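Analysis of the macromolecular model
Each chain, written out:
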Amino acid sequence: MTEELHDVRLTVNGVAHDVRVPARRLLSDALRHDLELTGTHVGCEHGVCGACTVLVDGRPTRSCLMFAVSAVDTEITTVEGLTKPDGSLGPVQQAFAECHGLQCGFCTPGFLTTITAGLRENPTPTHEECRDMIAGNLCRCTGYQNIVKAVERAAALQQGTSVEEPA
Amino acid sequence: MTTKLMGTPVQRVEDQRFLRGKGRYVDDVAVGQDVLHAAVLRSPHAHARIVDIDVDDVLDLEGVHAVWTYDDLAGPMAPRMAEPLPLLIPHPALTHGRTQYALAKDEVNYVGEAIAFVVADDRYVAEDAVGRIKVSYDFLPAVVGIDRARAATDLVHADVPGNVGARLEQNVGDAPAAIARAPHRLELDLTIERSACMPMEGRGTVARWDADINRMQVWTSTQTSTGVRAAVAVKLGLDLGQVDVITPDVGGGFGVKINHPWPEELLVPMAARALGRTVKFTEDRREHFISSAHERGQVHHVSVGFDDEGRLLGLDVEFWHDHGAYTPYGLIVPIITSTQLLGPYKPQSYRVVFESLYTNTVMVTPYRGAGRPQGCYTMERTMDAIAAYLGKDRTEVRAVNFIQPDEFPYDQGLIFQDGRELEYDSGDYPASLEKIKALIGWDDFPTFRRSMAAAGRKVGIGLACYVEGTGVGPYEGAHVHIETSGKVKVATGLTTQGQGHATVFAQLVADELGVKFEDVEVVTGDTRRMPYAVGTFASRAAVMSGSAIHLAAKRAKEKVLKIAADALEADPSDLQIVDGVVSVKGSPGTSIDLGTVSVLSNPLRYAFDEASKAATQFSVGDPGKPPVPEDEEPGLEGKDFYSPERATFASGMHAVIVETDPLTAEIKILKYAVVHDCGHLINPMIVEGQIHGGVAQGIGGALYEKMAYDESGQLLNASFMDFLMPYVTEIPDGIAIDHLETPSPLNPLGIKGAGEAGVIPSAAVFASAIEDAEGFPISAMPISPSELFELRQTREETP
Amino acid sequence: MKPAPFDYRRPGSLPEALEALAGEPNAKVLAGGQSLVPLLSMRLAAPAMLVDINGVPGLADLEVTDAGVRVGALARHADVLASADVRRVQPLVPEALAHVAHATIRNRGTTVGSIVHADAAAEMPVVLSLVGGSVEVASVRGTRTIAAEDLYVGPLETSLAHDEIATSAFFPALPTGAGVAFDEIARRHGDYALCGVGAVVDGDSVRVGYVSVADVPTVVDLSGVPLEEMGEAALAHLDPTDDIHATSAYRAQLVRVLTERVVRSATDRSRGITEESQA
């Protein structure tokens, strides 16, 4: 019995893609394998680790907890969409590079999308709000200290504030 | 560029691709290409005989290409696939070592053991197929936990009496006698529960057999490319030279990915060749829990004799190590426990004996710390117990036992995990102690405790010291190649899982060669680029590959200077290399760039590019002699290896202040401090990141994480919902860190390993602090609020 | 971990959705999916059909009046939590919602979905009971209202028929002069609670709802019980169990501690005493 395929239009990083997928194809897998946007990573497939977090209509969402077929009529942003059109790093990405906010890089895309949305909603977070912003994402390498610094640095970069670069 | 990069916080080159989502981890390899996907049928039972496996329904399923069970492995193409997986590190004491088969033969010994391997169009269909395989079992009793393994009412392996895989005893002096005649004696019983590395990326392997050139190409998320290469070649009946192993970007290892070959690392290449297709296996999280590896579970019994100052006259440690169902990694973990237990101390006599036991659970191989956390826990709990007994300050008791700065090198009289003497090369433990006391506010703590008590709040302070043997051999190597473009291509064979090797090694090459950091590109873990290597483990990469790269860069530089001297008609000692240009010191007009030197190093008949043509302005060599001098090779390369006589010993101390809730027993970290000595630092930002990460993993292991097996061998918490790794909210906001640098005399850069340090003293330091807060002994770790509550109840009921 | 195959419908209207459900006994409704999808991925559930209601218009509404808060089936936790109107009319809802998982899960998960999932370890099912709320359900046979006290019939089981969809949930407004509070203790931030407690104090009436210490969402009337004895009194109606995270004795202790803490807080609020006013 062949599995039924569904024609799905996924709008990702501003570009519409038409794919044919079974209903059970998770959005995380569709992004990675059907659209070849492998920046979104899969760490647990039960919604806990956050590595798969993308923005759906601007809101952080676990792509491993959505089916691709459910993602029609939405605008999806993945980590690839955070890079500037000229290829340079966006402010959140830049902050991570300056603050050593990543080591193996596997959890990082989920943090980047989450923080991008978080700073859009709250451009001047307090220190506590910075920690809160990343409270739903797991990292096994960094111990979070530098990720929190990166959130603060990203806020400063976006504000255009002249904050000293971290030591 | 005249400033040295060694010791500076250079931003990482890896980040440029990771931050753009352009990393290439194993599941990213071959995406969009024609790939088949694998899934594995894993045993749902901890101990059973396989009576029958029925795969009839599997091949009917659309999209399924093949299914293998053990019986399919014993074919003529690769007869060795039917043999057990290698026992990587044998040891005379490991009298009853056992390894599993790539697919279970007659028996399964843990929930998760691989039974059948399916390859299909995609992972979804492969899992459907696995669901259709019908296996009938004869159940056998499961042995779970150290107590039941020791009792041996049931056996894991029928031919392993008492479930004892190994028994190893080491003695320095006569500890039992020293204890018997010591002024004071104590006994302790201690337990550490099993945990696991749990990298964010699980295991995975991709393989492609190129029938046109008879080569097998393998990508695998590993810590040892050369180890996997050798295993694949041997098991698949290929020449080593026919196999390439490329380590992609790896999303964390922490030790679990040093074990090899996983069954899938053999089954995937086997399937790729059999089917003539690229095959990929990526495990899911549940599989990682039940079919990779765990570590940490041990039970210790300590007997110690000491004098009025707390000096250790005799230390006698007996412990039981749970190594799970199989022993592919030998006895490394318990050997490290036995030897590193000594920490920074010099007991006058020491006896350590362990039994390494089988249980029907996932096997045990190193996890960051690799047995050291358990040893540190035992030693530090003992120190605390001695201090409590004598009514002395816990730091005083430790201080009288320290190896003193003028006693290095210090031979502990034991054989370490590398088979060599456990001889500490350098360190300054008294200085570290002063620093950690200052950093945590040790002397001010009694005042703090009183003021908190007045507000009805309970706090405690703990301290733990460790020594870590790092940079173990046998060797690592490096290859430095300066291309005609002037770019420097560097390769070392060990692997990377987030440590920033491409950055730190480029720093070393830039410094040694005098080139721009941006012009250096480092590749790790690719057997095509560097086929001689051991792997990344035991905090050895900076020491081993760092040293090898430094030496290889030196060789390349020597050749550069020789050729440049000839071209510039100068003496090599009059030359300098700055930003990739060789010039005569004080005469900047007389110069030649590295790219041109590279052209000159390779006398070709043909000029391919502008660089070759430009080089003709220089003449080198003697027309009366061969163009490539004897004992030389064409090209501008340097290759060298670093093979140390012994490990180099890093050390450190952690301290923590905790608060425990009188009603709910919740445990809160108020302050965490680290003093850390890893010799000279190549990149302090990266070292600090390693400490942060290690401390977080340590907090997880001390307060949240453990493997919860039930009596029948089912892992009850095989998911991130129930295996509790810390989020940012469980980690203190800021860690106080101070450094000490006692350089290593054993390598040219004076460096020591840093990767594991953060996690080694965690169980010890938290047990110490919680005990200090509560006023009763804490002997089992990790500890949760519920467990602390229950301990309090027991204390109340039995005063 | 990939789900087993299923048929998929994405109806464009409620009647279409109801038809689809009625036609397939082994169908499940997909709204937020934050609880359902992991179950499917782990193959702990394998429905023959998923009816995805995310494309059905008119279900995302949040209607706040003086009578109370009506939350549509597709209203995401995040939107309910962010609504100042909801907070004003029934503050227990946002106070409890803040404890539901993590912000990212709340972006997609629905409050109604959580209610009909009927997990005793979740916050919103018991909150509905605590405020005397109800759900509106629809099927091809028509609509009906189910009061919270008739909703939860067993662990993870509601009185909804297999082909009924909950189209909204209604949380009555907090009466003037009443106070509410909610707190929970979990192992990690965002985890399922080891024990969670919500309370509504209205004059002499004290009603307390519990999370994770019974097998169904449970509300206990503790009116007239002295504050220090409330936890113990509640335990007579609860069944805290042992698991790998906590013993039943520890959970019972949390019941005692949290009951007192939460009821005191709700009582203070009912008296207009806030943290600011005490400072």
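These notes cover the structure that comes with them.

Rules and cut-offs
- Residues numbered from 1 in each chain as written.
- Chains lettered and ligands numbered in written order.
- Predicted model: local features only at pLDDT ≥ 70, side-chain atom pairs only at ≥ 80, totals over all residues.
- Heavy atoms only, no water.
- Helix = DSSP H or I, 4+ residues; strand = E, 2+ residues; numbered from the N terminus.
- Rg over C-alpha atoms; globule rule 2.2 N^0.38 Å.
- Contact = heavy atoms within 4.5 Å.
- Areas by Shrake-Rupley, 256 points an atom, 1.4 Å probe, with all protein chains shown as cover.
- Lys, Arg positive; Asp, Glu negative; His and termini not counted.
- Charge placed at Lys NZ, Arg CZ, Asp CG, Glu CD.
- Buried area = accessible area lost by both parts, 1.4 Å probe.
- Salt bridge = Lys/Arg side-chain N within 4 Å of Asp/Glu carboxyl O.
- Nonpolar A, V, L, I, M, F, W, Y, C, P; charged D, E, K, R; others polar.
- Buried < 20%, exposed > 50% of the residue type's maximum accessible area, 1.4 Å probe, protein only.
- Polar contact = N/O pair within 3.5 Å; in protein donor to acceptor, adjacent residues only side chain to side chain.
- Axes fitted to C-alpha atoms, helices over the stretch in contact; angles between N-to-C directions.
- Parallel < 35°, antiparallel > 145°, perpendicular 65-115°, else oblique.
- Left-handed = near helix turned anticlockwise from the far one by under 90°.
- Phe/Tyr/Trp six-rings, centres within 6.5 Å; stacked < 30°, edge-to-face > 60°.
- Pairing = 2+ DSSP bridges.
- Arc of directions from axis to C-beta.

**Section: the overall build of chain A**
Assigned secondary structure in chain A consists of 5 helices and 5 strands. Starting at the N terminus and walking to the C terminus, you meet the elements of chain A as β-β-α-β-β-β-α-α-α-α. The C-alpha radius of gyration of chain A comes to 16 Å, within 12% of the 15 Å expected for a compact globule of 167 residues. For chain A, the proportion of contacts with a sequence separation of at least 24, taken over those separated by at least 6, is 54%. In the form shown here, chain A has an accessible surface area of approximately 5700 Å², with 47% of it arising from carbon and sulfur atoms. Averaging the coordinates of the 13 positive side-chain charges in chain A and doing the same for the 21 negative ones gives two points 4 Å apart.

**Examining the interface of chain A and chain B**
Counting residues at the interface gives 53 residues for chain A, matched by 58 residues for chain B. Across the interface of chain A and chain B, roughly 4700 Å² is buried in total on both sides, 56% from carbon and sulfur atoms. Put simply, chain A and chain B have 5 salt bridges between them. A salt bridge links Arg-140 of chain A to Glu-705 of chain B; its shortest N-O distance comes to 2.7 Å. Counting residues per element, the ones that place at least two in the side of chain A that touches chain B are helix H1 (27-34), helix H2 (91-99), helix H3 (108-121), helix H4 (127-133) and helix H5 (145-159) of chain A. Per-element tally for the side of chain A that touches chain B: the top contributor is H2 of chain A, with 4 residues. For the side of chain A that touches chain B, the per-class residue count stands at 21 nonpolar, 22 polar and 10 charged.

**With respect to the pattern of salt bridges**
Residue and element names in this part refer to chain B. Within this structure, the stated rule accounts for 70 salt bridges over all chains. The shortest N-O distance in the salt bridge between Glu-512 and Lys-557 comes to 3.9 Å. Note that Glu-512 is positioned in helix H14 (residues 501-513) and Lys-557 in helix H15 (residues 541-568), a separation of 45 residues in sequence. Using a relative accessible area of 12% as the deciding quantity, one classes Glu-512 as buried. A relative accessible area of 26% places Lys-557 in the partly exposed class.

**Points about the interface of chain A and chain C**
It is common to report an interface's size as the accessible area lost on association of the parts. Listed by partner, the interface residues are 27 residues for chain A and 32 residues for chain C. Where chain A meets chain C, there are 3 salt bridges. Between Lys-2 of chain C and Glu-45 of chain A there is a salt bridge whose closest N-O contact spans 2.6 Å. Taken together, the links from chain A to chain C amount to 9 residue pairs in polar contact (both at pLDDT 80 or more). Among the elements that line the side of chain A that touches chain C, the one with the most residues is strand S4 (residues 59-62) of chain A, at 4 residues. A per-class count over the side of chain A that touches chain C returns 12 nonpolar, 7 polar and 8 charged.

**Details of the packing of helix H6 (residues 225-236) of chain B against helix H7 (residues 263-275) of chain B**
Residue and element names in this part refer to chain B. For the pair H6 and H7, the least separation of the axes is 10 Å and the interaxial angle reads 55 degrees. Here H6 lies oblique to H7, going by the angle between them. Read as a crossing pair, H6 and H7 show a hand that is right-handed. Residues Val-228, Ala-231, Val-232, Lys-235 and Leu-236 of H6 pack against Glu-265, Leu-266, Pro-269, Met-270 and Arg-273 of H7. Counted by class, the contact of H6 with H7 contains 7 nonpolar, no polar and 3 charged residues.

**With respect to the packing of aromatic side chains**
All names here are of chain B. Within the structure shown, the criterion is met by 21 aromatic pairs over all chains. A ring pair is formed by Phe-416 and Phe-649, whose centres lie 5.8 Å apart and whose planes are at 50 degrees; its orientation type is tilted. Here the residue Phe-416 occupies a position in the loop between strand S16 (410-415) and strand S17 (421-424), and Phe-649 occupies one in strand S26 (residues 648-660), the gap between them amounting to 233 residues. Side by side, Phe-416 and Phe-649 carry an identical accessibility label, which is buried. When the centroid spacing of 6.4 Å and the interplanar angle of 75 degrees are considered together, the rings of Tyr-532 and Phe-641 count as edge-to-face.

**Considerations on the pairing of strand S3 (residues 53-56) of chain A**
Residues and elements named next belong to chain A. Of the two faces of S3, the one lined by Thr-53 and Leu-55 and the one lined by Val-54 and Val-56 are each fully buried. In terms of strand pairing, S3 meets S4 through 4 bridges, oriented antiparallel. Counterpart to Leu-55 in the pairing with S4 is Pro-60. Where S3 and strand S5 (residues 75-77) come together, 2 bridges link them in antiparallel fashion.

**Quick word on the pairing of strand S5 (residues 114-120) of chain B**
Residues and elements named next belong to chain B. Counting buried positions along S5 gives 7 out of 7 residues, so the element sits mostly inside the fold. Relative to S5, strand S3 (residues 64-68) runs antiparallel, the two being bridged by 4 bridges. Along S5, the bridge assignment pairs Trp-68 with Phe-117.

**Digging into helix H1 (residues 14-23) of chain C**
Residues and elements named next belong to chain C. All of the buried residues in H1 are Ala-17, Leu-18, Ala-20 and Leu-21. End-on view of H1: buried residues confined to an arc of 160 degrees, all on one side of the axis. Along H1, the residues that are exposed and aim more than 90 degrees away from the buried face are Pro-15, Glu-19 and Gly-23. Here the buried face of H1 lies against strand S1 (7-9), strand S2 (27-30), strand S3 (49-52), strand S6 (134-139) and strand S10 (165-172). The residue sitting at the N-terminus of H1 and contributing the capping side-chain oxygen is Ser-13; that oxygen lies 3.2 Å from the backbone nitrogen of Glu-16.

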